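Residue-level structure breakdown
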Number of protein chains: 2
Amino acid sequence: MSTGHVLLGLLSRGQQHGYDLKRAHDDRFPAAKPMAYGQVYASLERLHRQGFVEPVAVQRVDGPDRTVYAITATGRAELTDWIETVETPFVHVANPLATKVTVALLVTDTAYATTCLERQRASHLDAMRRYTRAKTDPSLPIHEVLAADYAIAHLDADLQWMESALQRVAALGEAIAT
Amino acid sequence: MSTGHVLLGLLSRGQQHGYDLKRAHDDRFPAAKPMAYGQVYASLERLHRQGFVEPVAVQRVDGPDRTVYAITATGRAELTDWIETVETPFVHVANPLATKVTVALLVTDTAYATTCLERQRASHLDAMRRYTRAKTDPSLPIHEVLAADYAIAHLDADLQWMESALQRVAALGEAIAT
DNA sequence: CCCTATCTATTCACACAGTGAATAGATCTG
DNA sequence: CAGATCTATTCACTGTGTGAATAGATAGGG
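Residues numbered from 1 in each chain as written. Chains lettered and ligands numbered in written order. Predicted model: local features only at pLDDT ≥ 70, side-chain atom pairs only at ≥ 80, totals over all residues.

Per an unreviewed UniProt entry, the recorded name for chain A is PadR family transcriptional regulator, and the organism is Leekyejoonella antrihumi.

The following block contains the structure:
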C-alpha cells in the first residue's frame, strides 16, 4: 500500500486533514498521478483502522468541518520499516508487452504479432524522443528531471526487449502452436 | 483489464470452462503469476456482463458441473481491438523508487535516503546477476528467456535511474525542504 | 443586496482486482 | 470402504480507485 505510506510520510511532517494531504501530495509528487479525494479519505480510514494514524481534532474554520489526522508511534514505526525495506524486484515477471504478443499469437499468426510489436516499438521511440527533448530544458525542476530519466531508462529497456522479442516471434509462435 | 483480455485470448482458441482456463493460462504464461481460481470465475462473470463471453453449456462429465464459456463476436472485436491498440507508456510516471526516496527525504535526511538507495542498488545488482546466470542455461524455454531479458533490461533501467538519483539526492532534499 | 460561482472538505455508491477457504461430487488406492 | 486426491465452482472479504453528490462559506458582479 504505497499510497498509505506516502500519506504517512506527509503526516510525519505534521498533522493535517484530508484535503490538504491531497494537495500536499500533488505538490510534492508532481510527476505522479494526482490523488483523488476519495482515495485520500479511504486510505486515511484504513490507516486509522490499522492504528497508524489518529484523528486529533475536528476544526471548523472558514468552511465545513475538517478532521485533522496525526501519525501515531506505530505509524512512524511502520513508515521507517517500509522505507528501510528493500523492494524485491520481480518475484513474478509481469511483462505486459509479452502478454500482448502471446495473446496475439494465440489469436492469429506470426506476421500479425510482428506488426503489432513494430507499431509498439514506433510508439516507444516517439515517447523516448519526447522525454529526451523535455530534458534539454535547463529550467526543468529536479522532480521532472528524475521522472524523465526514469521514463527514458524504462522505455529503452522495453525497446531492448522488443528487439529481442522480434527476433524470436517465430520461435514463440511455434512454442504456442504446440 | 489485462486478465480479462488474456482469458478472451485463450477462449479464442475454443470454448472452455473456468478450471481449464486457469490451467491453460498457467501453462501458456509460465513466467506470469499463476491465476487464482476465484479470479478466473470473477473475470468470466465480468466478461459475461459485458457481452464478451457466453455460457454455452453445462456439462457433467466425470465430476461436478462445469460451465463452458465461448467468446462472442463482440468479444472477438474487443480482443483484436485490444491487441491492435498500442499501449501508451507513462501518461503519469509511476516510479516506486522515487516515491520511496522522496518519502525518506520527507521523514529524515539526505544521508539516510542515500543509504536506502544504495541498499536498493545492491539488491538490484544481485537480482541482475541471478537473471544473467539463469540465461546461460541453453535448455531454458523461450518464455523464460524472454522473461529474463525483460527483467534484466528493467533492472538495468532501475540501476541507471538510481545512479542518476544518487547524484541528485542532495538537490532533491533541498527541493523538498523548501 | 442577493445570486451565482468558486473554494473548502468530506462522503457515498460503485467497480475492479485479487486472496484464501469452503463446498461438493467423483475417482483412486491401499 | 475410508481417506486422499482430483475436478470445478462459489463465497466472503480486503484493498484500491473513480466520479458524482453534498454542503458550508465567501467573494464578486449585476
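From this point on, the discussion continues.
**Comments concerning the overall build of chain A**
For clarity, the cut-off: Helix and strand assignments come from DSSP, with helices taken as H or I runs of at least 4 residues and strands as E runs of at least 2, each series counted from the N terminus. Radius of gyration here uses only the C-alpha atoms, and the compact-globule reference equals 2.2 Å multiplied by the residue count raised to the power 0.38. Working definition of burial: number of other C-beta atoms within 10 Å of the residue's own, with buried at 20 or more, exposed at 12 or fewer, and partly exposed in between, all C-beta atoms being placed from the backbone.
Helices and strands together make up the secondary structure of chain A, namely eight helices and three strands. Expected size for 178 residues packed as a compact globule is a radius of gyration near 16 Å; at 23 Å, chain A overshoots this value by more than 25%. Counting only C-alpha atoms and orienting by the principal axes, one finds that chain A spans roughly 65 × 45 × 30 Å. Looking at chain A as a whole, 37% of its 178 residues are labelled buried.

**Let's talk about the sheet that holds strand β2 (residues 53-59) of chain A**
Residue and element names in this part refer to chain A. Where we set the bar: Between any two strands, at least two bridges found by DSSP are needed for them to pair. Think of it this way: build a C-beta for each residue from its backbone, and any pair within 7 Å is a contact. Between N-to-C directions, angles span 0 to 180 degrees; the directions come from axes that are lines fitted to C-alpha atoms, helices contributing only their stretch in contact.
The strand order across the open sheet built from three strands is β1-β3-β2, with neighbouring strands paired in antiparallel fashion. Only two strands of the sheet have a single neighbouring strand rather than two, namely β1 (16-17) and β2. Both β2 and strand β3 (residues 66-71) contribute to a ladder of six bridges, which runs antiparallel. Each bridged residue has a counterpart across the sheet, and for Ala57 the counterpart in β3 is Val68. Its contacts with the sheet put helix α1 (residues 2-11) on β1, β2 and β3, and the angle it makes with β3 is roughly 90 degrees.

**What about the interface of chain A and chain B?**
The condition is simple: Note that Gly is not counted as nonpolar here; it falls among the polar residues with everything else outside the nonpolar set of Ala, Val, Leu, Ile, Met, Phe, Trp, Tyr, Cys and Pro and the charged set of Asp, Glu, Lys and Arg.
Taken residue by residue, the interface counts 60 residues in chain A and 59 residues in chain B. Of all the secondary structure elements, the ones that give two or more residues to the side of chain A that touches chain B are α1, α4 (73-84), α5 (96-107), α6 (110-135), α7 (142-166) and α8 (169-177) of chain A. Per element, the largest residue contribution to the side of chain A that touches chain B is 16 residues, and it comes from α7 of chain A. In terms of residue class, the side of chain A that touches chain B is built from 34 nonpolar, 16 polar and 10 charged.

**Let's talk about the packing of α5 of chain A against helix α1 (residues 2-11) of chain B**
Definition in use: Roughly parallel means an angle under 35 degrees; roughly antiparallel means over 145; roughly perpendicular covers 65 to 115; every other angle is labelled oblique. Two helices crossing with the near one rotated counterclockwise from the far one by less than a right angle form a left-handed crossing, whereas a clockwise rotation gives a right-handed crossing.
Where α5 of chain A contacts α1 of chain B, the two axes come as close as 9 Å, and the packing angle between them is 25 degrees. On the basis of the axis angle, α5 of chain A is roughly parallel to α1 of chain B. The handedness of the crossing between α5 of chain A and α1 of chain B comes out as left-handed. Listed contacts from α1 of chain B to Pro96, Thr99, Val103, Leu106 and Val107 of chain A of α5 of chain A are Ser2, His5, Val6, Gly9 and Leu10 of chain B. For the contact of α5 of chain A with α1 of chain B, the class distribution of residues is six nonpolar, four polar and no charged.

**Brief notes about the sheet that holds strand β3 (residues 66-71) of chain B**
All names here are of chain B. Spatial strand order, β1-β3-β2: three strands in an open sheet with antiparallel pairing. A single partner strand is all that each edge strand has here, and the edge strands are β1 (16-17) and β2 (53-59). Pairing analysis gives two bridges linking β1 to β3, with the strands arranged antiparallel. By the bridge assignment, Gln16 is partnered in β3 with Tyr69. Taken strand by strand, α1 contacts β1, β2 and β3, and its axis lies near 90 degrees from that of β3.

**Topic: the domain arrangement of chain A**
To keep things clear, this is the line we draw: An automatic or database domain assignment supplies the residue ranges for each domain.
Once the domains are mapped, chain A shows domain 1 (2-84) and domain 2 (96-177). With centres defined by C-alpha atoms, the gap from domain 1 of chain A to domain 2 of chain A works out at 36 Å.

**Re the relation of the copies chain A and chain B**
For clarity, the cut-off: The copies were overlaid with a least-squares fit restricted to C-alpha atoms from residues scoring a pLDDT of at least 70 in each copy.
Note on the copies: chain A fits chain B at an RMSD of 0.1 Å, the axial shift is 0.0 Å, and the rotation between them is 180 degrees. In the structure described here, the two chain copies are related by an operation that fits a two-fold rotation axis. A share of 98% of interface residues in chain A that are also interface residues in chain B marks the association as one of identical surfaces.

**A closer look at helix α8 (residues 169-177) of chain B**
The condition that has to hold: The arc under discussion is defined with respect to the helix axis, by the directions toward the C-beta atoms.
The set of residues buried in α8 of chain B consists of Val169, Leu172 and Gly173 of chain B. Considered in projection along α8 of chain B, the buried side chains sweep an arc of 105 degrees and stay on one side of the axis. Check the buried side of α8 of chain B and you find it contacts α7 of chain A together with α5 (96-107), α6 (110-135) and α7 (142-166) of chain B.

**Brief notes about the environment of Leu79 of chain A**
Tracing the backbone shows Leu79 of chain A in helix α4. Taking the C-alpha atoms as reference points, Leu79 of chain A and Val6 of chain A, separated by 73 residues in sequence, lie 8.9 Å from one another. Not counting residues within four places of it along the chain, the set of residues in contact with Leu79 of chain A comprises His5, Leu8, Gly9 and Ser12 of chain A together with Val107 of chain B.

**A few points about the environment of Leu106 of chain A**
One can find Leu106 of chain A in helix α5. Judged by C-beta crowding, with 22 C-beta atoms within 10 Å, Leu106 of chain A ranks as buried. Remark: the alpha-carbon pair of Leu106 of chain A and Gly173 of chain A, spanning 67 residues in sequence, is separated by 8.2 Å. When residues no more than four places from it in sequence are discounted, the contact partners of Leu106 of chain A are Ile176 of chain A together with Gly9, Leu10, Ser12 and Arg13 of chain B.

**Overview of the environment of Pro30 of chain B**
Turning to its location among the elements, Pro30 of chain B is positioned in the loop between α2 (18-28) and α3 (37-49). Apart from residues lying up to four places away in sequence, Pro30 of chain B is in contact with His143 and Glu144 of chain B.

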